[in-house]
Amino acid sequence: PESVSYKEAISTKATKPLWYCSHWWGLSVLDFVASCEEHTRLRKLDERTSSYWVCAYANRQHDLEKEVAQENIAETAFYKAMQDSHGVLLILGRKAMPFQRIWCSFE
């Protein structure tokens, strides 16, 4: 297909998310990854089998308008991923910016 997500580009295997990541993209990718690694360490998770749902990697970014324009929010990938996940990992950063983002508030 013309538009695929990063996840679809690197693997065709369906993966159920264990953790849904809620965050603000103003945090560097390295800090974001470090936060996920620290979460894995603190929870004593097996890093080979732990899976995190991240919108930028799971959604087809070129088709994102279709995704967020759903009339029923329960039909969005965001909502479905939250329902499938064991929990939500809220990555705050120093300024706690997710609390100022309406989408993060929904999550």
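A brief report on the enclosed structure follows.

The rules behind the values
Residues numbered from 1 in each chain as written. Predicted model: local features only at pLDDT ≥ 70, side-chain atom pairs only at ≥ 80, totals over all residues. Heavy atoms only, no water. Helix = DSSP H or I, 4+ residues; strand = E, 2+ residues; numbered from the N terminus. Buried < 20%, exposed > 50% of the residue type's maximum accessible area, 1.4 Å probe, protein only. Contact = heavy atoms within 4.5 Å. Pairing = 2+ DSSP bridges. Salt bridge = Lys/Arg side-chain N within 4 Å of Asp/Glu carboxyl O. Expected span 1.5 Å × (residues − 1). Arc of directions from axis to C-beta.

1. Here's the deal with the overall build of the protein chain
Across its full length, the protein chain holds 6 helices and 3 strands. For the protein chain, the α and β elements follow one another from N to C terminus as α-β-α-β-α-α-α-β-α. Here the protein chain holds 107 residues, and the buried ones make up 29% of them. Within the protein chain, residue pairs in contact and separated by at least 24 positions form 70% of the contacts whose partners lie at least 6 positions apart.

2. Overview of the sheet that holds strand 1 (residues 19-22)
Strands in a sheet are paired, the pairing made by backbone hydrogen bonds, and the direction either parallel or antiparallel. Strand order in the open sheet formed by 3 strands is 2-1-3, and the pairing between neighbours is parallel. Every interior strand has two partners, whereas the edge strands, strand 2 (52-53) and strand 3 (87-90), have only one. Pairing of strand 1 with strand 2 involves 2 bridges; the strand directions are parallel. In the strand pairing of strand 2, Trp19 is matched with Tyr52.

3. Looking at the pattern of salt bridges
Inspection of the entire model under this criterion finds 3 salt bridges. Here Glu38 makes a salt bridge to Arg41, at a shortest N to O gap of 2.6 Å. Here Glu38 and its partner Arg41 are both found in helix 2 (residues 29-42), 3 residues apart, which amounts to about one turn of the helix. For Glu38, a relative accessible area of 34% puts it in the partly exposed group. With a shortest N-O distance of 3.1 Å, Asp46 and Arg48 are connected by a salt bridge. Classification of Arg48 as exposed rests on a relative accessible area of 72%.

4. Here we look at helix 2
End to end, helix 2 covers 20 Å across 14 residues, agreeing with the expected 20 Å (1.5 Å per residue, within 8%). When we look at burial in helix 2, the residues that qualify are Phe32, Cys36, His39 and Thr40. The arc enclosing the buried residues of helix 2, seen along the axis, measures out at 100°, which places them on a common side. Turned more than 90 degrees from where helix 2 packs its buried face, Leu30, Glu37, Arg41 and Leu42 sit exposed.

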